Amino acid sequence: MYFHIPFCKQACHYCDFHFSTSMKRKSELVDALCQELVLRKNEISETVETIYFGGGTPSLLTAEELDQIFESIFQNYAVSKDAEITLEANPDDLSEEKIEELSKTKINRLSIGVQSFFEEDLKLMNRAHNSEEALKSIELAKQKFENISIDLIYGIPGMSDFRWKKNLEIALSLKIPHISAYALTVEPKTALAKFIRTGKIKPVDDDVAKQHFEILTKTLDNANFEHYEFSNFGRSGYFSRNNLAYWHGKKYLGIGPSAHSYNGNQRSWNVSNNIKYIANIQQNSLPNEFEILSETDKYNEFVMTRLRLRQGIQVSEIEEKFGKEKKEYLMKESKPYLKRDLLLLENGFLKISSEGKFLSDGIAAELFWVK
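Just so it is clear, the structure is predicted and the values come from calculations on it, not from any experiment.

K.L.:
When you look at the side chain of S231 in this model, what are you seeing that I'm missing?
P.N.:
With respect to the secondary-structure elements, S231 resides in the loop between strand 7 (226-229) and strand 8 (232-234). A polar side-chain atom of S231 sits 3.3 Å from a polar atom in the side chain of R308.

K.L.:
Whenever I open this one, the pattern of salt bridges confuses me. Can you help?
P.N.:
Pairing between side chains of opposite charge can happen when the charged atoms of each approach one another. What the rule picks out here adds up to 25 salt bridges. Among the ionic pairs, R163 bridges to D121, the shortest N-O distance being 2.6 Å. Pair noted here: R163 is in helix 6 (residues 161-173) and D121 is in helix 4 (residues 119-125), with a separation of 42 residues, a long-range link. For the residue pair R163 and D121, the accessibility class agrees, reading buried in each case. Note that K142 and E139 form a salt bridge whose closest N and O atoms lie 3.5 Å from each other. Taken together, the residues K142 and E139, both in helix 5 (residues 131-142) and three residues apart, mark about one turn of the helix.

K.L.:
Whenever I open this one, the nonpolar core confuses me. Can you help?
P.N.:
In globular proteins that are soluble, nonpolar side chains generally tend to be buried together. Grouped together as the largest cluster of nonpolar side chains are 77 residues, with contacts concentrated most on F3, F53, I69, F117 and I150. By residue number, the principal contributor to this core is helix 1 (residues 26-39), which donates six residues. In contact with F117, other than residues within four places in its own chain, are S131, A134, L135, I138, I150, L152, N167, I170, A171 and L174. Within the second largest apolar cluster, 19 residues are counted, among which are Y337, L343, L350 and I352.

K.L.:
Help me out: how do you make sense of unusual backbone geometry in this one?
P.N.:
Negative phi is the rule for most residues except glycine; trans is the rule for most peptide bonds. For the bond from G55 to G56, the omega torsion is 20°, close enough to zero to count as cis. The backbone of Q115 sits at a positive phi, close to 70°, despite the residue not being glycine. On the secondary structure map, Q115 appears in strand 4 (residues 109-115). We note that N347 has phi near 55°; this positive angle belongs to a residue other than glycine. With respect to the helices and strands, N347 occurs in the loop between strand 14 (343-346) and strand 15 (349-352).

K.L.:
Help me understand the sheet that holds strand 15, please; the structure alone is not making it clear to me.
P.N.:
Strand pairs in the sheet, formed through backbone hydrogen bonds, run parallel or antiparallel to each other. The strand order across the open sheet built from three strands is 13-15-14, with neighbouring strands paired in antiparallel fashion. Edge strands, defined here as strands with exactly one partner in the open sheet, are strand 13 (313-314) and strand 14. Both strand 13 and strand 15 contribute to a ladder of two bridges, which runs antiparallel. Bridge pairing links I313 to L350 in strand 15.

K.L.:
Sorry if this is basic, but what is going on with the sheet that holds strand 2 (residues 48-55) here?
P.N.:
Read from one edge to the other, the open sheet built from nine strands follows the order 7-8-6-5-4-3-2-1-9, with strand pairing classed as mixed. Whereas interior strands pair on both sides, the edge strands pair on one side only; in this sheet they are strand 7 and strand 9 (254-255). Across four bridges, the pairing between strand 1 (residues 2-5) and strand 2 is parallel. Bridging across to strand 2, H4 finds its partner in G54. Sheet strands in contact with helix 5 are strand 4 and strand 5 (148-154), and its direction is about 170° off that of strand 4.

What counts, and at which threshold
Residues numbered from 1 in each chain as written. Predicted model: local features only at pLDDT ≥ 70, side-chain atom pairs only at ≥ 80, totals over all residues. Heavy atoms only, no water. Helix = DSSP H or I, 4+ residues; strand = E, 2+ residues; numbered from the N terminus. Polar contact = N/O pair within 3.5 Å; in protein donor to acceptor, adjacent residues only side chain to side chain. Salt bridge = Lys/Arg side-chain N within 4 Å of Asp/Glu carboxyl O. Buried < 20%, exposed > 50% of the residue type's maximum accessible area, 1.4 Å probe, protein only. Core = buried A, V, L, I, M, F, W, Y, C linked by side-chain atoms within 4.5 Å. Contact = heavy atoms within 4.5 Å. Pairing = 2+ DSSP bridges. Axes fitted to C-alpha atoms, helices over the stretch in contact; angles between N-to-C directions.

Bear in mind that shape data such as this cannot, by itself, settle questions of function.
This is the structure we're talking about:
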């Protein structure tokens, strides 16, 4: 179960997710989230294994607002006793008082959006926190939460190999069990894209990002982190169950404006407009659209998501799910990458090699079924 909390204090230059910097209708939106849960309770018969608050900036919710949402969840859905319940949080929100409040809710995992421990990177990205707040928030969070992840971004214009290594060194010194790391991407309608286009910021360099990725994987491997998914690294027992659910193709319910849902056969998405979302929900109408997935869609998504995982694609499962023709097609299209050692075939699993990891999305696209 995913909740999109569409509020932020300010706009990060690289972000193209749906959000608003106005908090005027926050309480109305929380009411709408609770009502959407009621309206959609018949969509799920399974037990909820993970609950994830993303956004936006979910740490802008008060403990009372979170408890209101949890009350609606537990009244209308069966939730596993050991469900992983994650809240994304910005460092500037995580005061000692806030962490104390969060520890008394059902939240049992924090994902802290650090992005970098260096001021120049944070200013370039227009983050709301500074490096001191990043460090302090993690130390405070560790007093109340055991399961903590941080986000880091690499490939930032002007970020040297030394600074990226230093980011990782600081992260490891904090002794947290999970790190998510992403290459900075330039989305078309963002402030970052405009600044690059007008020459205010240097373009993102793919070669630098690739070098940073190689530093990342080597450093975290040496520190006994397992690279269980392309962007995610965890110590044993701390892999994100929410992330793994997506990559294993499990069903998920997305609540809130712009949130996506998937039930195995169709995908739906809510309107990306807070006012329209609230108005529709208040009329007991779901403000969403949907598409029915074809067998080709399902096959291509299976290939894409499984290749991001360390174990890769079980070839026999392709035949079981999609038939012999698709299995033969997969093996035929894989040959050039197997020859170049970008793909490996081990014990019936087709997976990305260490040399091919940075190219994994591109390789997956080349294996898609296209008529």
